[in-house]
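Each chain, letter by letter, is given below.
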Amino acid sequence: MDTIESLDEKDSGPEVQLNFPASVMSRIEELMGGSEHFDSDEFDAVAYINRVFPTEQSLSGVEAAASRCEFRLAAVQHDIRRLVQAQHDQRKVGHQALLEAQKCISELSLQVADINKKSERSEGMVREITSEIKQLDCAKWNLTAAITALNHLHMLAGGAASLRTLAQNRQYKELVLPLQAIMEVLQHLENYRDIRELNALREEVHSIRANLAEQILADFKQAFTGGSKSTISQRTLSEACGVVDVLDPKVRQDLLKWFIGLELQEYEHLFSPEQECAWLPQIARRYSWLKKHLLAVEQTKGAIFPAAWRLSERIAHHFCKITRESLTSLMSSRRNEIDCKLLLYAIQQTHNFELLLHKRFIGTELGPEAEANLEEISFDDYIENIEDVTSHKSPWVGVVGKCFEEHLSLYISSLDNNLRSLMDRFIQEAKNIEISDCEGSGSGGVLASCADLFLFYKKCLAQCATLSTGDPMLELSAVFGKYLREYAGSVLQNALPRSNSNTVNNIVTNIHTFLKDESVVRYTKQEISKITSVITTSEYCLETTVHLEQKLKEKIHPSLSNKIDLGPEQDLFHKMISTCIQILVQDLELACEPALCSMTKISWLHFDTVGDQSSYITQAIMHLKNSIPILRDNLASSRKYFTQFCIRFANSFIPKFIQNIYKCKPISTVGSEQLLLDTHMLKTVLLELPSLGSDVKRQAPTTYTKVVIKLMTKAEMILKLVMAPLDNNLEGFVAQFLQLLPDSTLVEFHKVLDMKGAKLGKSQLTALDALFKETSRSCSETVK
C-alpha cells in the first residue's frame with residue numbers, strides 16, 4: 001500500500017490517458033473475466049469465481065488472479081481520491097467566481113445610478129432652454145394664421161367688388177380665375193362663420209354667383225332666340241362656358257337641358273304623331289335628320305361649348321330618348337298597322353343608327369366609306385357586324401330599339417310561318433326521298449333537309465338575339481321545339497319505308513305487325529339505306545339540338561336560362577334511333593327465320609355421323625354476310641349505333657336460336673354432337689359479326705363479345721347436358737344441370753329432358769322436380 005501511495009504522490013501531476021486498440025482491450029477483458037460484471041447491480045461473486053476457476057487445475061493461477069484484483073482495487077481507490085480532490089478544488093474556484101461576480105454587479109449599479117442623475121440634470125437643462133422657444137413657435141404660428149386670414153379677407157373684400165364689375169361688363173374670361181380664387185378663399189374661411197362681417201361677404205359672393213348663372217343663361221337665350229337683335233358674340237358665349245364650369249354643376253345641367261331642348265324643337269315638330277313621316281316606313285328620315293343636324297351644330301356652334309361637355313353625344317342621347325317614347329306611343333296606337341316586314345325594317349334601320357352612334361361616341365371609328373356602306377347592308381349581314389358591339393354591352397345599342405321588344409311576337413309568328421312552309425316542303429320531299437338527296441359519302445348519309453332546318457335555326461337565333469334576350473327568346477325556343485318534334489314525327493318517319501303511322505310511338509307496333517306477316521317481303525337495299533339515313537340524320541339532330549339548347553341559354557337573359565329545355569326533343573330523336581335499329585334487327589331476324597325453322601325439321605334422332613356444319617347454319621351465315629356489310633357501310637359515320645345494332649341482334653337472335661334448339665327433340669347423342677358443332681360455328685361467326693365481310697379485321701367491342709359468349713355458352717351447355725348420360729343417377733344429372741345452367745328454370749329442365757327423350761313416370765317426374773327445386777335452393781343459399 002505504501003508503494004501505491006508513493007506512486008499516487010508521483011502521479012499527482014497532469015493525468016495521462018492511454019488508448020489501447022480494440023483487440024488489446026478485448027483480450028484484457030477476456031483475461032480479467034470481463035469488466036462489466038463488476039459494474040452490474042446483479043453481479044454474482046460465486047458465479048464469477050466458478051467461471052474463472054472452472055477446474056482444479058485452474059486453481060494454480062489463483063495467486064495471479066488475486067494480484068490482478070489487488071491491482072484493480074488500488075487503481076479504483078486512486079481514482080476515487082483523485083475525483084474527491086478535484087471536486088474540492090472545483091468548489092473553491094466556483095465560490096471565488098461568485099464573489100467576483102457580486103463585486104462587479106455592485107460597481108455596475110453604482111455606475112447606472114450616476115448616469116441616471118446626470119440624465120435628469122441634462123433633461124432639466126433642455127427643458128429650461130426650449131420653454132422659451134416653444135412660446136416663440138406658438139406665437140409665430142398664430143401670427144402666420146392671422147396674416148393669412150387677413151390676406152384672405154382682403155382678397156375676399158376686394159374680389160367681390162371686382163367680380164361684380166367683371167360680371168356687369170361680361171368680361172367672362174377675366175372673371176374665371178378670380179372666381180376660382182375667391183371660392184378657394186371661402187373654403188379657407190369656413191372656420192370663421194361666427195364673424196358677422198365675413199358672413200356678409202360670403203353672402204355677397206353667393207349672390208354674385210347666382211346673378212352670374214342667370215345672366216349667362218339669359219345671354220345664351222338672347223344669342224340663340226333673339227335673332228338679329230342679339231349683340232352677344234360666340235366668343236363671349238364660349239368664355240361664359242368657362243365661368244359655368246366654375247359655378248355649381250346644376251347651372252351647366254340647366255343650360256344644356258335648355259339648349260338641347262331648343263335644338264330638338266324642330267325634330268319634335270317635324271315628327272309629331274300626327275305627321276305621316278313619323279310612322280315606321282319613314283323611320284330612316286328621323287335618323288338622317290339627326291346626322292345632318294349634328295353636323296350643322298358642330299360646324300356652327302361646336303366652338304362655343306367645351307369638348308368635355310360632349311354636346312353632340314348629349315343631343316344624340318336625348319334624341320334617342322324622345323324617339324323611343326314617340327315610337328312606343330305610335331306603335332301602341334297603331335298596332336293593327338304593324339306587320340313583320342315593317343317591324344323588321346324599322347328594327348334594321350334603328351340598329352344601323354345605334355351602331356353608328358356607338359362607332360361615333362365610343363371611339364371605334366368606321367370611317368366615311370364604311371358608314372356609307374352600312375346603310376345598304378342586309379339584315380343578316382348586319383347581325384354579324386353588330387355581334388361584337390352587343391357582346392361588349394354598348395350603351396347605344398338598344399337605346400331606341402327597346403321600344404320594338406313588346407312587338408317582337410310578330411317576328412316570332414313570322415318565323416313560325418316560315419318554318420311551317422319549310423316543314424311542309426321537307427315532309428313532301430321525305431315521301432319521295434332518294435338516297436342521292438342525302439349528304440355524305442355513300443348511302444346512309446344525313447338528309448339534306450336536316451342541314452337546311454338547322455341553318456335556318458341558326459339564322460333565326462342570331463337575329464332574335466340581337467333584337468331581344470327576354471321573353472321573345474323563350475317564344476323562339478318554343479317554336480324551335482315545336483318544329484323539331486314535327487321534323488322527327490313527320491319528316492323522319494315519312495322517310496322510313498312502308499311507314500304509314502302518324503306518330504313515332506306507333507312505328508314499333510306497326511313493324512312488329514308486318515314483320516310477323518309471312519307474306520311481307522324483306523327490305524330492299526334501297527330501303528335499308530333509307531332507314532340508316534334516318535339513323536344518321538336523327539343522330540345529327542340529337543347532337544345539334546344539344547348545341548342549340550346551349551346557345552339558347554347563352555343568348556337569353558340569365559334569369560330565364562333555366563326555362564330553356566329541349567330535353568323532350570332530344571328524347572324523341574333517341575327514340576327514333578332506337579326504333580330504326582329495332583327495325584333493322586327484326587329485318588335481319590326475318591332473313592334468318594327460314595334457317596331456324598329448317599333446323600327444327602331435321603330428324604336429329606337418326607343422325608349416325610358428325611360431318612361439317614349443317615346447311616341451315618350455312619344459310620343463316622349467308623344472310624349475315626349479305627346484310628352486315630351493307631349496314632356497316634351505311635353506318636360508317638355512326639359506329640356506336642352499328643355496335644348497338646349488333647348487340648341488339650345478338651340479344652334477340654341467340655335466344656330465338658336457343659328456343660329452336662329446344663324444339664329439336666328427341667335427339668340422339670350423335671345429333672347432339674352435330675348440333676353442338678353447328679352452334680360453335682355460329683358462335684364463331686357471331687363473334688366476328690361487326691367486321692364480317694370487311695377487308696380490315698377489327699376486334700369486336702368488348703360489350704358485344706360478352707353478350708355473344710354468355711348467350712352462346714348457354715346454348716352449348718344445353719347440348720352438353722343433352723349428351724350427358726341420365727341412367728339411374730338422377731341426383732348427379734340434376735347437380736350437373738344446375739352447375740352448367742345455374743340460372744335456368746324448371747321449364748328449361750323439362751325441355752332438356754324432352755330433348756333427351758327421357759321416359760319417366762309421373763311419380764319419377766314429381767320426385768325429380770322436387771329434387772331440382774331442393775338442389776336449386778341449396779345452390780342459391782350457398783351463393784348467398
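Notes on the structure follow. (Residues numbered from 1 in each chain as written. Predicted model: local features only at pLDDT ≥ 70, side-chain atom pairs only at ≥ 80, totals over all residues. Heavy atoms only, no water.)

For the rest of this paragraph, the subject is the overall build of the protein chain. The number of helices and strands found in the protein chain is 28 helices and two strands. In the protein chain, which comprises 784 residues, the share counted as buried stands at 39%. Taking all contacts inside the protein chain whose residues are at least 6 apart in sequence as the whole, residues at least 24 apart take part in 76%. For the protein chain, the accessible surface area stands at approximately 45200 Å², while carbon and sulfur atoms represent 54% of it. (Helix = DSSP H or I, 4+ residues; strand = E, 2+ residues; numbered from the N terminus. Buried < 20%, exposed > 50% of the residue type's maximum accessible area, 1.4 Å probe, protein only. Contact = heavy atoms within 4.5 Å. Areas by Shrake-Rupley, 256 points an atom, 1.4 Å probe, with all protein chains shown as cover.)

Turning our eyes to something else, we now look at the pattern of salt bridges. On inspection of all chains with the given rule, the structure shows 21 salt bridges. The partner of R82 in a salt bridge is D79, and the shortest N-O contact between them spans 3.4 Å. In this pair, R82 and D79 both sit in helix α5 (residues 62-168), three residues apart, roughly one turn of the helix. Given the relative accessible area of 33%, D79 is considered partly exposed. One salt-bridge network, in which partners are shared between bridges, spans E276, R334 and E337. (Salt bridge = Lys/Arg side-chain N within 4 Å of Asp/Glu carboxyl O.)

On to helix α8 (residues 234-246). Its 13 residues give α8 an end-to-end C-alpha distance of 19 Å, which sits within 8% of 18 Å, the value for a rise of 1.5 Å per residue. Those residues of α8 not exposed but buried are T236, L237, E239, A240, C241, V243, V244 and V246. (Expected span 1.5 Å × (residues − 1).)

Describing two packed helices takes the angle between their axes plus the distance from one axis to the other. It is at 9 Å that the axes of helix α20 (residues 525-555) and helix α21 (residues 567-600) come closest, and there the two elements cross at 160°. With respect to α21, the axis of α20 lies roughly antiparallel. In the crossing of α20 with α21, the sense of the turn from one axis to the other is left-handed. The segment α20 lies against α21, with I528, I531, T532, V534, I535, S538, E539, C541, L542, T545, V546 and E549 engaging G567, Q570, F573, H574, M576, I577, C580, I581, I583, L584 and D587. Tallied by class, the residues present in the contact of α20 with α21 amount to 14 nonpolar, six polar and three charged. (Axes fitted to C-alpha atoms, helices over the stretch in contact; angles between N-to-C directions. Parallel < 35°, antiparallel > 145°, perpendicular 65-115°, else oblique. Left-handed = near helix turned anticlockwise from the far one by under 90°. Nonpolar A, V, L, I, M, F, W, Y, C, P; charged D, E, K, R; others polar.)

With that settled, consider helix α12 (residues 311-333). Between its first and last C-alpha atoms α12 spans 33 Å; for 23 residues at 1.5 Å apiece the expected length is 33 Å, and the two agree. Looking at α12, one finds that the buried residues are L311, S312, I315, A316, F319, C320, I322, T323, S326, L327, L330 and M331. Buried residues in α12 make contact with α9 (249-263), α10 (265-270), α11 (283-300) and α13 (340-362).

This part takes up the nonpolar core. One finds L280, F404, Y487 and F645 to be the most contacted residues of the largest nonpolar core, which totals 179 residues. The element that contributes the greatest number of residues to this core is α21, accounting for 14 residues. Contact partners of F645, with chain neighbours within four places excluded, come to I581, L584, V585, L588, I628 and L631. (Core = buried A, V, L, I, M, F, W, Y, C linked by side-chain atoms within 4.5 Å.)

Looking now at the side chain of D416. Locating D416 in the fold gives a position in helix α16 (residues 409-431). Of note is the side chain of D416, whose polar atom sits 3.5 Å from the side chain of K482. The residues contacting D416, other than those within four sequence positions of it, are V479, K482 and Y483. (Polar contact = N/O pair within 3.5 Å; in protein donor to acceptor, adjacent residues only side chain to side chain.)

Taken as a whole, this structure holds 25 aromatic pairs when the rule is applied. Seen in terms of ring centroids, F737 and F772 are 5.9 Å apart; in terms of plane orientation they differ by 65°. Their pairing is edge-to-face. In this pair, F737 sits in helix α26 (residues 730-740) while F772 sits in helix α28 (residues 762-783), placing the two residues 35 residues apart along the sequence. The class of F737 is buried, set by a relative accessible area of 0%. Across from the ring centre of W279, 4.2 Å away, lies the NZ or CZ of R334, which sits over that ring. (Phe/Tyr/Trp six-rings, centres within 6.5 Å; stacked < 30°, edge-to-face > 60°. Lys NZ or Arg CZ within 6 Å of the ring centre and 35° of its normal.)

Let us look at unusual backbone geometry. Of the consecutive residues K665 and P666, the connecting peptide bond is found in the cis state with omega at -10°. In this structure, P666 sits in the loop between α23 (639-663) and α24 (669-687). Phi is positive for R310, close to 50°, though the residue is something other than glycine. Locating R310 in the fold gives a position in the loop between α11 and α12. Residue classification places R310 among the partly exposed positions, given a relative accessible area of 43%.

The next thing to look at is the side chain of H407. In this structure, H407 sits in the loop between α15 (379-391) and α16. In this structure, H407 is in contact with M331, R335, I338 and L343, ignoring residues within four places of it in sequence.

Below, the discussion takes up the packing of α24 against helix α25 (residues 702-723). In the contact formed by α24 and α25, the axes pass within 9 Å of each other and the chain directions differ by 175°. Taken together, the axes of α24 and α25 are roughly antiparallel relative to one another. Contacts from T669, S672, E673, L675, L676, T679, H680, L682, K683, L686 and L687 in α24 reach Y704, T705, V708, I709, M712, T713, A715, E716, L719, K720, V722 and M723 in α25. Of the residues in the contact of α24 with α25, the class split is 13 nonpolar, six polar and four charged.

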